[in-house]
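# Structural characterization, general
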Amino acid sequence: MSAPPASSAPPPVPLVPPVPRYGPHRGDCPWCGSRRLRTRGADPRRSAPPPGRSAPPPGRSVLVRCRDCRHTFHNPALADGPPDHPLVRAGVRLRHGLAARALLRHCPEPESWLDVGTGDADFPHAARAHFPYTSFDGLDPTHRVLRARAVERVEEAFVGRLTDPHIAARLRARYDVVSLFQQLERVPDPRAELRAALHALRPGGHLLVDVADPRRLLALPPGAPHPADLHAELAARGCTVLTGARSHRVVARKDASAP
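Numbering of residues starts from 1 in each chain and follows the order in which that chain's sequence is written. Residue-level local features of this predicted model are given only where pLDDT is at least 70; pairs of side-chain atoms are given and counted only at 80 or more, and the full residue set underlies all totals for whole chains, interfaces and linings. Hydrogen atoms and water are omitted, and side-chain values are computed over all heavy atoms in the structure.

### Some remarks on the sheet that holds strand β3 (residues 72-75)
What counts here: Pairing between strands is defined by DSSP: at least two bridges between the two strands are required. Each helix is a run of DSSP H or I of at least 4 residues and each strand a run of E of at least 2, with the numbering of both proceeding from the N terminus. Between the N-to-C directions of two axes lies an angle of 0 to 180 degrees, each axis being a line fitted to C-alpha atoms and, for a helix, fitted only over the stretch in contact.
Spatially, the three strands line up as an open sheet ordered β1-β2-β3, and their pairing is antiparallel. Every interior strand has two partners, whereas the edge strands, β1 (37-39) and β3, have only one. If you compare each strand with its neighbour and ignore which way they point, the axes differ by 40° on average.

### What about the packing of aromatic side chains?
Keep this limit in mind: Under the pairing criterion, centres of Phe, Tyr and Trp rings, with the six-membered ring standing for Trp, must be within 6.5 Å; the plane angle then separates stacked pairs below 30 degrees from edge-to-face pairs above 60, leaving the rest tilted. Think of it in three bands: residues with accessible area under 20% of the maximum for their type are buried, residues over 50% are exposed, and the middle band is partly exposed, with areas taken using a 1.4 Å probe on protein chains only.
As enumerated under the stated definition, the model contains four aromatic pairs in all. For the ring pair Trp113 and Phe123, a centre distance of 6.0 Å and an interplane angle of 80° mean the geometry is edge-to-face. Here Trp113 is found in strand β4 (residues 112-116), whereas its partner Phe123 is found in helix α2 (residues 122-127), with 10 residues between them in sequence. Residue Trp113 is classed as buried on the basis of its relative accessible area, which comes to 0%. Taking relative accessible area as the criterion, Phe123 reaches 3% and is therefore assigned buried. On the numbers, 5.1 Å between centres and 40° between planes, the contact of Phe123 with Phe181 is tilted. Note that Phe123 is positioned in helix α2 and Phe181 in strand β7 (residues 175-181), a separation of 58 residues in sequence.

### Examining the pattern of salt bridges
Just so we agree on the cut-off: In the sections that follow, a salt bridge refers to a side-chain nitrogen of Lys or Arg positioned within 4 Å of a carboxyl oxygen of Asp or Glu.
For the structure shown, the criterion picks out 10 salt bridges. A salt bridge links Arg170 to Glu156, with the nearest nitrogen and oxygen atoms 3.9 Å apart. Residue Arg170 is found in helix α4 (residues 165-171), and its partner Glu156 is found in strand β6 (residues 156-159); the two are separated by 14 residues along the sequence. Given a relative accessible area of 54%, Arg170 falls into the exposed group.

### Looking at unusual backbone geometry
Among all residues save glycine, negative phi is the norm, and among peptide bonds the norm is trans. Residues other than glycine seldom take positive phi values, yet Ala121 does so here, at roughly 65°. Along the chain, Ala121 turns up in the loop between β4 and α2. Phi at Gln182 is positive, roughly 50°, even though this residue is not glycine. Mapping Gln182 onto the fold places it in the loop between β7 and α5 (190-199).

### Concerning the nonpolar core
Note the following rule: Side-chain atoms within 4.5 Å link the members of a nonpolar core, which is a set of buried Ala, Val, Leu, Ile, Met, Phe, Trp, Tyr and Cys residues. For this analysis, residues touch if any pair of their heavy atoms sits within 4.5 Å.
Grouped together as the largest cluster of nonpolar side chains are 25 residues, with contacts concentrated most on Leu114, Val178, Leu207, Val209 and Leu234. The biggest single contributor to this core is α5, with four residues. If sequence neighbours within four positions are ignored, Leu234 has contacts with Leu194, Leu198, Leu207, Cys239, Val241, Val250 and Ala252.

### Structural notes on the environment of Gln182
Taking the C-alpha atoms as reference, Gln182 lies 9.7 Å from Arg249; in sequence the two are 67 residues apart. Excluding anything up to four places from it in sequence, Gln182 contacts Arg95 and Asp210.

### A word on the environment of Pro188
Within the element layout of this structure, Pro188 appears in the loop between β7 and α5. Spatially, the C-alpha atoms of Pro188 and Cys29 are 8.9 Å apart, while their sequence positions differ by 159 residues. When neighbours within four sequence positions are excluded, Pro188 is seen to be in contact with Arg26 and Pro30.

### A short note on the side chain of His231
Looking at the secondary structure, you find His231 in helix α6 (residues 230-236). Non-local contacts of His231, meaning those with residues more than four positions away in its chain, are made with Val241, Thr243, Gly244, Ala245 and Val250.

### Here we look at the confidence of the model for the protein chain
This is how it is decided: A residue's pLDDT is simply how confident the predictor is in it, with values from 0 to 100.
Confidence along the protein chain averages 77 in pLDDT terms, with 69% of residues attaining 70 or more. Contacts for the low-pLDDT stretch residues 42-54, under 50 throughout, to residues beyond four places or in other chains number six contacts. Throughout residues 214-227 the model reports pLDDT below 50, and contacts reaching past four residues in sequence, or to other chains, amount to 37 contacts.

### Notes on the sheet that holds strand β8 (residues 201-210)
One open sheet holds the seven strands; their spatial order is β6-β5-β4-β7-β8-β10-β9, and the pairing between them is mixed. With one partner strand each, in any of the chains shown, β6 and β9 (239-241) form the two edges of the open sheet. On average, adjacent strands in this sheet sit at an angle of 20° to one another, irrespective of strand direction. Across four bridges, strand β5 (residues 135-140) lies against β6 in parallel orientation. Paired with Gly138 across the two strands is Ala157, which belongs to β6. In this fold α5 packs onto β4, β7, β8, β9 and β10 (249-254), with an angle of close to 140° to the strand it touches most, β8.

Next comes the structure, spelled out in structure tokens:
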């Protein structure tokens, strides 16, 4: 008796556990550590929140700006879940296309690309229209990236954070392009995230950073130990910034002499 024919059905798409909508609330700036924070859109004459309101109401995240370095971030941090409202989704798709075209002008044919915080790999999916021959990989702290690999939006999927030592060691100097699409606003240590992204680039590779506010990182007060401006930070780490100072999409090339 012959064995039944093997099924040709594709493997099932992995189930993804629910992701919390927001991370923990924080009382200091993730870029410079200052505790002098102000909610965007709030009364600038008010230096403290109303009595009993040290954090946003439950179920809500607000944009907060540091009074010292002017870094703008979501507090509490937004989870990496997909946007809910159709208009928000349309806006995200538009930003995806603009970010991909911003890189296309400086790096038209990269072989390998890592998208950090990729979620369901919506950005690689959009960028593929402009980079059809590029191999896209995805990294995300949730298992949604495994689902993205199952539906062939990315070729390799990594679950974790770019700053995890085992991931950083595995991805070191591996990619022609690393993208951080609104990622620096979400992580607790944006400097460490930026440093890890540069370590994943090959010499001559390109970093693509999409930021919500182009004025979000300006100079720290005199005597501060580190530059807060994103362009200054990249230059200090051996990169040449290829875009304007006020651009939402920052493209930088890692110089051969960079560590």
